[in-house]
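What the coordinates show
Each chain, letter by letter, is given below.
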Amino acid sequence: MEQTTKAQDALGHNGITEGVIWKQLLLFFFPILFGTFFQQLYNTIDAVIVGRFVGKEALAAVGGPTGTLINLLIGFFIGLSSGATVIISQHYGGNQKEKVSQAVHTAIAFSIVSGILFTIIGIMFAPLALKAMGTPEDILHHAVAFMRVYFMGVTANLIYNMGAGILRAVGDSKRPLYFLIASCFTNILLDILFVVYLPFGVRGAALATILSQLLSAVLVVLVLTRTKESYRLVLRNLRIDKGMLKRIIRIGFPAGLQSVMYSFSNIIIQSSINTLGTNTIAAWTAYGKIDSVFFTIISAFGISITTFVGQNYGAGKKDRVYKGIRVCMAMCFAASIVLSILLYTFGNHIYLLFTTDTDVISIGTDILRYLVPVYITYISIEIFSGSLRGTGDCWIPMLLTCMGVCILRVVWIWTVVPLHRTIETVIFSYPMTWVTTSVLFFIYFFFFSRLKSRSFPLRLKK
């Protein structure tokens, strides 16, 4: 029997456009939160097992330079896929079934083509990119091996992310969570098999990751092909509609470019950290896994408000758009404060999961306690940009992020860090750019964006 989503009750009413706002946001937020958490857990489990059973050089390789480069490509695609999520959520909210179906088939076909292209790029250019980042010789061979195996299975990752975005666009955030939980536990078991019991090293960790991602991709495709709703996927109808693809790219490209700029600035930062030695690289790698807890939560709020605004914008429900943004912002601030206190107080103990090296733990703890107190300065960027993206307003938020976060961060690394090359100087670029970009978003959102007043159209044109 076909399952209904939380967003839609037995009478066919869309909860996102009609239900109690804070309840709908939380019903959508928690599955996304746990889903993003388990997605982040993929690489974290790899880092824990590799760090414990292969060594700190392998730990530095799996999570440092490789993670930054992988995020460059995968983040770009996920940004593009957000265009499909916005379009599908708007058409679904406006009950435009044919447009929903057209967008779904175009999105999945685009995922397959992108996966093939990313596989070629990842396998061919991994050594060149890693050397360009100044990756130390003692971890370079580990990093190249991990990336080449990982990109052999990257298509499954893209299909899952696109499919999960489609389900979230129509209000179903629970099943993507279930699939990620299943694939995450599969990844843990395969990591133990390929790294602990079989001497595959970092290649084993990468193989475990791509096989578990294949499982999640198969599950999400099965759901899309078996539903009776307008977002049903019919495999023989897979094709790219040029007009729909242009719309997806027009909305998603700014988010993809923004992700690339983020990744590029992080590559510059990683290159600076690479000059500080293997201990610092390993500490930064482990911190990145702890840091991902915060960004997992904030990202879940951002995805929630994008879909909430998208559907209510498509349905022409102005008041719910503004109320939803206010409620989401308040919940996000509260969550950030609680998490910051917990990480500052207990976060140093988490490093023991990754390594027992006292130098690595000491450096990592210093990084953690430097950055955690300023997490709250990032929140407005995520909520404002997610809200604007839900209305299709993507280019200006992208430009604000690129200028305030990416360009300013790169300028800092290239001009100031060489004069005082310490980890503190490098990571100061984060709070500095978060504050700057938050101010820019505040000004644009309240004085220049299409949400500055309640004058947007009551319903999208069919």
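Let me sum up the structure you'll find in this document. All figures in this text were calculated on a predicted structure; none of them were measured in a lab.

1. With respect to the overall build of the chain
- Of the regular secondary structure elements, the chain holds 17 helices and 0 strands.
- Relative to a compact globule of 462 residues, whose C-alpha radius of gyration would be 23 Å, the chain shows 21 Å and is just as compact.
- Its C-alpha atoms put the chain at 60 × 45 × 35 Å along the principal axes.
- Across the 462 residues that make up the chain, the buried fraction comes to 60%.
- In the chain, the proportion of contacts linking residues at least 24 apart, taken out of those at least 6 apart, comes to 85%.
- Per element, the accessible surface of the chain, about 18,800 Å² overall, is 67% carbon and sulfur.
- Positive and negative side-chain charges of the chain, numbering 37 and 20 respectively, have mean locations separated by a distance of 12 Å.

2. Digging into the nonpolar core
- One finds Y150, I166 and Y231 to be the most contacted residues of the largest nonpolar core, which totals 142 residues.
- A per-element tally of this core places helix α11 (residues 278-314) first, with 15 residues.
- The residues contacting Y150, other than those within four sequence positions of it, are I70, I74, N157, A206, T209, I210 and Q213.

3. Concerning the packing of helix α10 (residues 242-274) against helix α15 (residues 395-415)
- Relative orientation of the contacting elements α10 and α15 amounts to 10°, with a least axis distance of 9 Å. One way to sum up the angle between α10 and α15 is to call them roughly parallel.
- Counted by class, the contact of α10 with α15 contains 18 nonpolar, 5 polar and 2 charged residues.

4. Side note on helix α17 (residues 429-447)
- When the terminal C-alpha atoms of α17 are compared, their 27 Å separation across 19 residues agrees well with the 27 Å that a helix rising 1.5 Å per residue should span.
- Listed as buried for α17 are S429, Y430, P431, M432, T433, W434, T437, S438, F441, Y444 and F445.

5. So, the environment of V144
- Counting through the fold element by element, V144 comes out in helix α6 (residues 137-152).
- By relative accessible area, which is 15% here, V144 ends up buried.
- Sequence-distant contacts of V144, that is, excluding residues within four places in its chain, are made with P127 and L130.

6. What about the side chain of S82?
- By the element assignment, S82 lies in helix α4 (residues 65-93).
- Side-chain polar atoms of S82 contact the backbone oxygen of G79, separated by 2.5 Å.

7. Some details on the packing of helix α7 (residues 154-169) against helix α9 (residues 201-226)
- Viewed as axis vectors pointing N to C, α7 and α9 meet at an angle of 40°, and their least axial separation amounts to 8 Å. With respect to α9, the axis of α7 lies oblique. Read as a crossing pair, α7 and α9 show a hand that is left-handed. Counting all contacts with α7, which are made through A156, N157, I159, Y160, G163, A164, I166 and L167, the residues of α9 involved are Q213, L214, S216, A217, V220, V221, V223 and L224.
- Among the residues making up the contact of α7 with α9, the classes are represented as 12 nonpolar, 4 polar and no charged.

8. Considering the pattern of salt bridges
- Counting across every chain of the model gives 1 salt bridge.
- With a closest N to O distance of 2.7 Å, D172 and R175 form a salt bridge. When sorted by exposure, D172 lands in the same class as R175, which is buried.

Reading the values: the criteria
Residues numbered from 1 in each chain as written. Predicted model: local features only at pLDDT ≥ 70, side-chain atom pairs only at ≥ 80, totals over all residues. Heavy atoms only, no water. Helix = DSSP H or I, 4+ residues; strand = E, 2+ residues; numbered from the N terminus. Rg over C-alpha atoms; globule rule 2.2 N^0.38 Å. Buried < 20%, exposed > 50% of the residue type's maximum accessible area, 1.4 Å probe, protein only. Contact = heavy atoms within 4.5 Å. Areas by Shrake-Rupley, 256 points an atom, 1.4 Å probe, with all protein chains shown as cover. Lys, Arg positive; Asp, Glu negative; His and termini not counted. Charge placed at Lys NZ, Arg CZ, Asp CG, Glu CD. Core = buried A, V, L, I, M, F, W, Y, C linked by side-chain atoms within 4.5 Å. Axes fitted to C-alpha atoms, helices over the stretch in contact; angles between N-to-C directions. Parallel < 35°, antiparallel > 145°, perpendicular 65-115°, else oblique. Nonpolar A, V, L, I, M, F, W, Y, C, P; charged D, E, K, R; others polar. Expected span 1.5 Å × (residues − 1). Polar contact = N/O pair within 3.5 Å; in protein donor to acceptor, adjacent residues only side chain to side chain. Left-handed = near helix turned anticlockwise from the far one by under 90°. Salt bridge = Lys/Arg side-chain N within 4 Å of Asp/Glu carboxyl O.

Just distances and angles here, no functional claims.
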